[in-house]
Amino acid sequence: YDCIRIYTEGENILVPIHAYPVMNQVEFPKWIDFGQCELGATRRKFFSLECNVPIQFEYELTIEKLHSDFSVSPMRGVVPANDAVKICIEFT
């Protein structure tokens, strides 16, 4: 938070400025190929949420359509400043 001070003969004006940092643009995969998998076996694929700024960010994932053969974790958490968090997608 900051403000711009404008001084005029008639009055002084304070214009508040608010800025909200954003995390890197995240490219979620549109589809994931788990390859061939034995019946009952579990395959895992990982992708990262990365933050290249010196501020941590909270995140929460939402699954649009649940399916018992798939799971995603962690569903929510914090991406540390200048770091990354791995997201795991499992298929059983």
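Residue numbering note: each chain is counted from 1, following its sequence as written. Note on the predicted model: pLDDT of at least 70 is required for a residue's local features to be given, and 80 or more for side-chain atom pairs to be given and counted; whole-chain, interface and lining totals, by contrast, use all residues. Just so you know, side-chain values use all the structure's heavy atoms and leave hydrogens and water out.

Visitor: Honestly, unusual backbone geometry in this entry has me stumped. Any pointers?
Guide: As a rule of thumb, non-glycine residues mostly have phi less than zero, and peptide bonds are mostly trans rather than cis. The omega torsion across Ser 73 and Pro 74 is -10°, close enough to zero to call that bond cis. On the secondary structure map, Pro 74 appears in the loop between strand E5 (70-73) and strand E6 (76-79). A positive phi angle is found at Asn 82, which is not glycine, with a value near 50°. Here a helix means four or more residues in a row that DSSP labels H or I, a strand means two or more in a row labelled E, and each is numbered from the N terminus. Assignment of secondary structure puts Asn 82 in the loop between E6 and strand E7 (84-91).

Visitor: I keep staring at the sheet that holds strand E3 (residues 43-50) and nothing clicks. Help me out?
Guide: We call two strands paired when DSSP finds no fewer than two bridges between them. Ordered by their spatial adjacency, three strands build an open sheet running E3-E7-E5, and the pairing between neighbours is antiparallel. Every interior strand has two partners, whereas the edge strands, E3 and E5, have only one. Mean inter-strand twist for the sheet, computed between neighbouring axes without regard to direction, equals 20°. Strand direction decides the pairing type here: E3 and E7, joined by eight bridges, are antiparallel. Considered in E7, the bridge of Phe 47 is made with Ile 87. Angular values range over 0 to 180 degrees, each being the angle between N-to-C directions of two axes fitted as lines to C-alpha atoms, with helices fitted over their stretch in contact.

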